[in-house]
Amino acid sequence: MNAESGTIAQVASALRSRTVTSRSITEGCLTAIAERDPALNAFITVLRDAARDQAERADTEMEAGQYRGPLHGVPISLKDLIDVRDQATSAASRVRQGHIAAADATVVTRLREAGAVIVGKTNLHEFAFGTTNEDSAFGPARHPLDPSRSPGGSSGGSAASILANMAFASIGTDTGGSVRIPSAVCGLVGLKPTLGEIAVDGVVPLSSTMDHVGPICRSVEDAGILFDVLRGETPAVGRHVPDARGLRLGVLRGYFMAVMDPGVAECFERACTSLQAAGVELYEVDIAHANDIAPIYLHIVLPEAAAYHAATLESHADDYTPNVRLRLEMGRYILAEDNVRGLRGRDLLIGEVDNALTDCDGLLLPTLPIPAPTIGIGSVRIGGVDESVRNIMLRLTQLFNLTGHPAISIPCGCTREGWPVGAQLVGHRHRTAALLDTASAVEPYIS
Amino acid sequence: MSWLENALRDAERRGLPALRPLLESLARATAALRAADWNLDATDPQDANTDRDER
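Below you will find a few notes about this structure. Each chain carries its own residue numbering, running from 1 in the direction its sequence is written. Following the order in which they are written, the chains are lettered starting with A and the ligands numbered starting with 1. Local features in this predicted model are restricted to residues whose pLDDT is 70 or higher, and side-chain atom pairs enter the listing and the counts only when it is 80 or higher, whereas totals over whole chains, interfaces and linings include all residues. For side-chain calculations, the full set of non-hydrogen atoms in the structure is used, while hydrogens and water are omitted.

1. Description of the overall build of chain A
Tallying secondary structure elements over chain A gives 15 helices and 13 strands in all. The globule rule used for comparison is 2.2 Å times the number of residues to the exponent 0.38, while the radius of gyration itself is calculated over C-alpha atoms. Radius of gyration (C-alpha) of chain A: 20 Å, near the 22 Å computed for a compact globule of 447 residues. In terms of overall dimensions, chain A has C-alpha extents of about 60 × 60 × 40 Å along its principal axes. Whether a residue is buried, partly exposed or exposed follows from its accessible area with a 1.4 Å probe, protein chains only, as a fraction of its type maximum: under 20%, in between, or over 50%, in that order. Relative to its 447 residues, chain A shows a buried fraction of 64%. The method behind every accessible area is Shrake-Rupley, applied with a 1.4 Å probe, and residues are considered shielded solely by the protein chains displayed. Per element, the accessible surface of chain A, about 15,100 Å² overall, is 48% carbon and sulfur. Only four residue types enter the charge count: Lys and Arg as positive, Asp and Glu as negative, with His and the chain ends excluded. For the purpose of locating charges, the reference atoms are NZ of Lys, CZ of Arg, CG of Asp and CD of Glu. Side chains of chain A give 38 positive and 52 negative charges; the mean places of these two sets differ by 1 Å. Runs of E in the DSSP output that reach at least two residues are strands. Runs of H or I that reach at least four are helices, and both are numbered from the N terminus.

2. Thoughts on the side chain of Arg218 of chain A
Residues and elements named next belong to chain A. Following the sequence through the fold, Arg218 ends up in the loop between strand 6 (212-217) and helix 7 (220-230). Among buried Asp, Glu, Lys and Arg side chains, Arg218 stands out as unpaired, with Asp222 the closest opposite charge at 6.6 Å. Any N or O atom pair separated by 3.5 Å or less is treated as a polar contact, with the protein-specific requirement of one donor-capable and one acceptor-capable atom, and with residues adjacent in sequence counted only for side-chain atom pairs. Polar contacts involving the side chain of Arg218 include one to the main-chain carbonyl oxygen of Ile162, which spans 2.8 Å. A distance of 3.4 Å separates a polar side-chain atom of Arg218 from the backbone oxygen of Ala167. By salt bridge we mean one thing: a side-chain nitrogen of Lys or Arg within 4 Å of a carboxyl oxygen of Asp or Glu.

3. Describing the packing of helix 10 (residues 293-315) of chain A against helix 12 (residues 336-356) of chain A
All names here are of chain A. Lines fitted to the C-alpha atoms define the axes, with helices restricted to the stretch that makes contact. Angles between their N-to-C directions range from 0 to 180 degrees. Between helix 10 and helix 12, whose axes approach to 8 Å, the crossing angle comes to 125°. Our classification of the angle between helix 10 and helix 12 gives oblique. For the crossing formed where helix 10 meets helix 12, the hand is left-handed. Seen from helix 10, the contacting residues are Ile293, Ile296, His299, Ile300 and Pro303; seen from helix 12, they are Asp338, Asn339, Gly342, Leu343, Gly345, Arg346 and Leu349. Residues are grouped as follows: Ala, Val, Leu, Ile, Met, Phe, Trp, Tyr, Cys and Pro are nonpolar; Asp, Glu, Lys and Arg are charged; every other residue, Gly included, is polar. The residue makeup of the contact of helix 10 with helix 12, split by class, is 6 nonpolar, 4 polar and 2 charged. An angle below 35 degrees is read as roughly parallel, one above 145 as roughly antiparallel, one from 65 to 115 as roughly perpendicular, and any other as oblique. Take the far helix as your reference; a near helix turned counterclockwise from it by less than a right angle gives a left-handed crossing, and one turned clockwise gives a right-handed crossing. Residues count as neighbours in contact if any of their non-hydrogen atoms are within 4.5 Å of one another.

4. Some details on the pattern of salt bridges
Counted by the stated rule, this structure contains 29 salt bridges over all chains. Asp228 of chain A is the partner of Arg231 of chain A in a salt bridge, and the nearest nitrogen-oxygen pair spans 3.1 Å. The class for Arg231 of chain A is partly exposed, based on a relative accessible area of 29%. Asp228 of chain A sits in the buried class, given a relative accessible area of 3%. A salt bridge links Asp10 of chain B to Arg13 of chain B; the shortest N-O distance between them is 2.6 Å. Note that Asp10 of chain B and Arg13 of chain B are positioned in helix 1 (residues 3-13) at a spacing of 3 residues, about one turn of the helix. Given a relative accessible area of 24%, Asp10 of chain B falls into the partly exposed group. Looking at Arg13 of chain B, the relative accessible area reads 62%, which means it is exposed. A single salt-bridge network, built from bridges that share partners, covers Glu314, Asp318, Arg325, Glu329 and Arg332 of chain A together with Arg14 of chain B.

5. Focus on the interface of chain B and chain A
Of the residues lining the interface, 23 residues belong to chain B; the matching set on chain A comes to 28 residues. Across the interface of chain B and chain A, roughly 2,200 Å² is buried in total on both sides, 62% from carbon and sulfur atoms. Counting the contacts that link chain B with chain A gives 2 salt bridges. Viewed at the interface, chain A and chain B are joined by 10 residue pairs in polar contact (both at pLDDT 80 or more). When contributions to the side of chain B that touches chain A are tallied by element, the ones reaching two or more residues are helix 1 and helix 2 (19-35) of chain B. Take the side of chain B that touches chain A: its biggest share by element is 9 residues, from helix 2 of chain B. Considered class by class, the residues forming the side of chain B that touches chain A number 15 nonpolar, 2 polar and 6 charged. Buried area is calculated as the accessible area (1.4 Å probe) missing from two parts once they are joined, with the contributions of both summed.

6. Structural notes on the packing of aromatic side chains
Residues and elements named next belong to chain A. Whether two aromatic rings pair depends on their centres lying within 6.5 Å, for rings of Phe, Tyr and Trp, where Trp uses its six-membered ring; planes under 30 degrees apart make the pair stacked, over 60 edge-to-face, and the rest tilted. Evaluated as defined, the whole model comprises 2 aromatic pairs over all chains. Between Phe127 and Tyr320, the ring centres sit 5.8 Å apart and the planes meet at 40°, which makes this aromatic pair tilted. With Phe127 in the loop between strand 3 (117-122) and helix 5 (156-163) and Tyr320 in the loop between helix 10 and helix 11 (322-331), this residue pair connects regions lying 193 residues apart in the sequence. What makes Phe127 buried here is its relative accessible area of 3%. With relative accessibility at 4%, the residue Tyr320 sits in the buried group. Residues Tyr255 and Phe256 carry aromatic rings whose centres are separated by 5.1 Å and whose planes lie at 85° to one another, so their mutual orientation is edge-to-face. Both residues of the pair, Tyr255 and Phe256, belong to the buried class. The aromatic ring of Tyr255 is capped on one face by Arg395, whose charged end is 3.9 Å from the ring centroid. The criterion is that NZ of a Lys, or CZ of an Arg, lies within 6 Å of the ring centre and within 35 degrees of the ring normal, and then a charge sits over that ring.

7. Considerations on the layout of surface pockets
If you add up the space inside the largest pocket, you get close to 1,100 Å³. Cavities and pockets are found on a 1 Å grid laid over the protein atoms alone: a cavity is a set of points where a 1.4 Å probe fits but cannot escape, a pocket is an open set with protein on both sides within 12 Å along at least five of seven lines, and a lining residue has an atom within 4 Å of such a point. What lines the largest pocket is a set of 42 residues, among which Arg327, Ser388, Arg390 and Asn391 of chain A together with Ser25 of chain B lie closest to the centre. Of all elements in the fold, only helix 10, helix 11, strand 11 (385-388) and helix 13 (389-394) of chain A together with helix 2 of chain B reach the threshold of two or more residues within the lining of the largest pocket. With 7 residues, the top contributor of residues to the lining of the largest pocket is helix 2 of chain B. Its residues assigned to classes, the lining of the largest pocket shows 21 nonpolar, 14 polar and 7 charged. Grid points are joined across faces, edges and corners, and a volume is the space filled by probe spheres set on the points.

8. Observations regarding the environment of Val203 of chain A
Residues and elements named next belong to chain A. Tracing the chain through its elements places Val203 in the loop between strand 5 (189-192) and strand 6. C-alpha separation for the pair Val203 and Gly172, spaced 31 residues apart in sequence, amounts to 9.9 Å. Beyond its immediate stretch of four places on either side in the chain, Val203 contacts Leu81, Ile82, Thr173 and Val213.

Quick look at the structure:
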């Protein structure tokens, strides 16, 4: 195991057996930050001294036989949308200049109780309102494989911090896909649990109907550990991985495959073939009103975001990045009757996804139709048509923010140019643990 | 005057001409939302209140 690039489960074993210390692996992460972050801009705030103190405390506790669980002594980063006591929560915006959090967010309290070491607050698309992390008061976060590319967003800094070995995992937020999108772009695992399962207090909101908190990490097992910690449960390590044979997965095609980079499609089809060879039953399912997903999503996220920002759009308009400001202003023009239509459409889609999940273990589709986009481009050409980068990056993830079903992105190979591709598994509402079981069965065959 | 015309006039008045392409794009999405076949219709006797499952 490489001390900086292993999974939480692997490093937890090494920490518990005292093969490595929290101080040494934390120092490794801090060194990676010092060496690589100037080029990647994954972090807004590095909590160097606090992280060293936490690592020392973790080692002292473990040496005294006081073991808190698999996160004990493990360096984690946090999206800078999540409150850490006595630290700024910038939301990557000058609007929040001078802010200091009075208390830890609930998820941070749980991470501390689990003994995690918090190395810093990561860069994001301003106020989580974008998919590329390029609109940030602190400059864009950059992809560790190629700094001219986006690491995805809005939790782009979080994903970049893991891929560049600056942390073993990160906690992000996901309102339209902002955990799953950067996970897919960076070849990582990203979990959006069922709506409401993880506390969002102490987290700057974007759209209260669709905001989720979720982990980005290196394996499905790690996602399970973090999911348990974040919801206040005792995490298990070494969970039984179910047999993939006999699993039934509904594959979403039609709308969901209609706009797709050929390299991404090739990876996804190869993953499907591998799963079938492993004995997984795949069959096609449909969402009848899939074409209405994007308009429904827009007419909920825009007015909810605009309502939260209404006062500061008057008092601090020039402190927003221009693109984010314009999108928030756009939300102020949506009529109440169209927001109500959107909420009715959401109810319809919840039922359609529930129906698609009937008699199956999960739904399967790609996470993202394109690989990592170049920073600064507004559109990409797919099938001879110019597509908005924002719209296309949300296309396959936003449905499950609307409906609240749990969804996880798992790496499923790379394009011929070497760009990571993600496959997305979707589970039944309120059965995130079952989704994690299915994902752990599927993971060895596709990643 | 249509919603879009009103919105564009207001954006111009507020010194936000850059909103024009975004509002035009939004108008297309709003039109699609309003045209959806699941919208309620006051003239349709089928569109009465029904019990809804707790979401």
